[in-house]
Amino acid sequence: MSFETTSDGGGGMRVRDVGLAAVRGLALALICLPGAVLCFVLTLVSVALVPIGVGIVTTPWVLTGVRYFADRRRLLAAEWGGVRIPRAYRPLPADANPWARTFGMLRDPATWRDFRWLPADMTAGFVLALLAFALPLYPLEGFVIAAGLWRVLPDGYWYGFVHVTDQTSAYYAAALAVVLLVPALWLAPRALHAHFRLTAVLLGDGDVELAERVRVLTETRRDAVDTSAAELRRIERDLHDGAQARLVAMGMDLGTIEALLEKDPAKARELLAQARQSSGEALTELRELVRGIHPPVLAERGLGDAVRALALRLPLRVETEVDLPGRAEAPVEAAAYFAVSELLTNAVKHSGADRIWVDVHHADGRLRVSVTDNGKGGAAAGAGTGLAGVERRLGTFDGVLAVSSPAGGPTMVTMEIPCALS
């Protein structure tokens, strides 16, 4: 999560964020100092014992503990700070002997990143975490002192540069607490975020992130090519089995009409009516096919109206809320439209719902679409499901798909696609 707030009237949210930052800062201070010191000392001792043979046995166990400690911090960075730190340890053979395990782990660059991070975590990291706790606590201390705690202290109390010995100085302490509270509300969440950013800088590996990015782009490109090929095959099949077959049959009927025009005018008129009906059906199929490739309402009126048009064609009650101050690029709009179409179709066919909500809006440089139904739940984005296809379609645009569908419902599917609106 992020500790930033964008709401002008979000005083309650800011207080909650600062409170969370303070509690989490205290927890991190209690965790990082003893944990980092212990891991650092044990690693130094164990590695120093490698030349005499004892460290060959102890070092893998110690380094495994260090990695576990670092993994817990990666998890907290992701959950509490929204900072994702990839894990990049080299795998070791399962049957490796102690010698191979020790030197395999010592040759791993990630091991030395952990060793570089531990001293920073027990110094700068500890200070930043403690600041996140202490900054909002100190103004509260001033309020408590000014409220009357100074009376029970025989020699008064020094709060900052104010020596509180009477009611007048208590007022000064309260005023100082108010002055200190303003920067504390701003600095405490940022101190916690700085702690996580320090962890990311020291534990992260840019090469790993680049390799992961290349892997994701390769997969999404392959999925896009496969999806395009499948779509072309579908169009070819629909044309061959549908409109083309009707047009061929209509041509044969016209040939028969031409032959019967003089001999049997009644039969010719009957076949002419059939040919007219076939031409109408072929035109309808072609329109449906074109709509499946790129709906005219999407091209002419944008994603919001296209989603509303989708909702009107469903047999269920669908409530749509659209807040788009502009239009995304045509490929992004098409991807979002067909994803929503797939989700609505799934909800109608499989959820058992009688009501669906669709929310489409743009915020923070992302197009966000959520489809919620009050059905039986149990949806999952596994392989072979329609949701997996939606996820692949969104992946082409670096989009993500999140599914919340507990047993008994409701089901909420949220999509996000990075894009800018015109």
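Higher on the page you've got the structure.
So, a few notes on the structure that sits alongside this text.

Thresholds applied
Residues numbered from 1 in each chain as written. Predicted model: local features only at pLDDT ≥ 70, side-chain atom pairs only at ≥ 80, totals over all residues. Heavy atoms only, no water. Core = buried A, V, L, I, M, F, W, Y, C linked by side-chain atoms within 4.5 Å. Buried < 20%, exposed > 50% of the residue type's maximum accessible area, 1.4 Å probe, protein only. Helix = DSSP H or I, 4+ residues; strand = E, 2+ residues; numbered from the N terminus. Contact = heavy atoms within 4.5 Å. Phe/Tyr/Trp six-rings, centres within 6.5 Å; stacked < 30°, edge-to-face > 60°. Pairing = 2+ DSSP bridges. Expected span 1.5 Å × (residues − 1). Bend = angle between axes of the 7 residues up to and from the residue. Patch = residues over 30% accessible without salt bridge, like charges linked within 9 Å, V, L, I, M, F, W, Y side chains within 5 Å. Areas by Shrake-Rupley, 256 points an atom, 1.4 Å probe, with all protein chains shown as cover. Salt bridge = Lys/Arg side-chain N within 4 Å of Asp/Glu carboxyl O.

1. Thoughts on the nonpolar core
Part 1: Counting 32 residues, the largest nonpolar core has L303, V358, L367 and M415 as its most contacted members.
Part 2: Mapped onto this core, the elements with two or more residues apiece are α8 (296–312), α9 (330–351), β4 (355–363), β5 (366–373), α10 (386–395) and β7 (411–418).
Part 3: If you tally residues by element for this core, the top one is α9, at 10 residues.
Part 4: The contacts of M415, once residues within four sequence positions are left out, are A339, V340, L343, L367, R368, V369, V390, L394, V400 and L401.
Part 5: If you look at the next biggest cluster of nonpolar residues, it comprises 29 residues, including A21, L118, A120 and A132.

2. Focus on the packing of aromatic side chains
Part 1: Applying the stated criterion across every chain yields a total of five aromatic pairs.
Part 2: Where F40 meets F115, the ring centres are 5.2 Å apart and the plane angle is 20°; that geometry is what we call stacked. In this pair, F40 is assigned in helix α1 (residues 11–48) and F115 in helix α4 (residues 109–147), connecting sequence segments 75 residues apart.
Part 3: We classify F40 as buried; its relative accessible area is 19%.
Part 4: Ring plane angle 35° and centroid distance 5.6 Å describe the contact between F69 and W117, whose orientation is recorded as tilted. With F69 in helix α2 (residues 54–81) and W117 in helix α4, the pair connects residues that are 48 residues apart, well separated along the chain.
Part 5: Among the aromatic residues, those joined into a ring-pair cluster are F40, W112 and F115.

3. Here's the deal with the pairing of strand β6 (residues 400–404)
Part 1: Of the pairings in the sheet, the one linking β6 to β7 comprises five bridges and is antiparallel in character. Paired with V400 across the bridge in β7 is E416.
Part 2: Remark: six residues form the turn of the hairpin made by β6 and β7, two consecutive strands paired antiparallel; G408 in that turn has positive phi of roughly 95°.

4. Some details on the side chain of R67
Part 1: Mapped onto the fold, R67 is located in helix α2.
Part 2: Not counting residues up to four positions away in its chain, the partners in contact with R67 are R87, Y89, R90, M105, D108, T111 and D114.

5. Description of helix α5 (residues 167–203)
Part 1: With 37 residues, α5 extends 51 Å from end C-alpha to end C-alpha; this agrees with the ideal 54 Å at 1.5 Å per step.
Part 2: The largest bend along α5 reaches roughly 35° and is located at A184.

6. Things to note about the pairing of β7
Part 1: Note: β5 against β7, eight bridges, orientation antiparallel. Note that in β7 the partner of L367 across the bridge is I417.

7. Comments concerning the side chain of D71
Part 1: Locating D71 in the fold gives a position in helix α2.
Part 2: By relative accessible area, which is 16% here, D71 ends up buried.
Part 3: What D71 contacts, discounting residues up to four positions off in sequence, is R87 and Y89.

8. Things to note about a nonpolar patch on the surface
Part 1: A surface patch of nonpolar side chains, about 300 Å² in accessible area, is lined by V37, V41, L44 and V45.
Part 2: For L44, the position within the fold is in helix α1.
Part 3: By relative accessible area, L44 is classed as partly exposed at 43%.

9. Topic: the pattern of salt bridges
Part 1: Applying the stated rule across the entire model yields 11 salt bridges.
Part 2: With a closest N to O distance of 2.6 Å, R73 and D121 form a salt bridge. Here D121 lies in helix α4 and R73 lies in helix α2, a separation of 48 residues in the sequence.
Part 3: As a salt-bridge pair, R327 and E333 come within 2.7 Å of each other at their nearest N and O atoms.
Part 4: On the basis of relative accessible area, R327 is assigned to the partly exposed category, the value being 30%.
Part 5: E333 sits in the buried class, given a relative accessible area of 4%.
Part 6: Each member of the salt-bridge network shares a partner with another, and the members are D71, R74 and R87.

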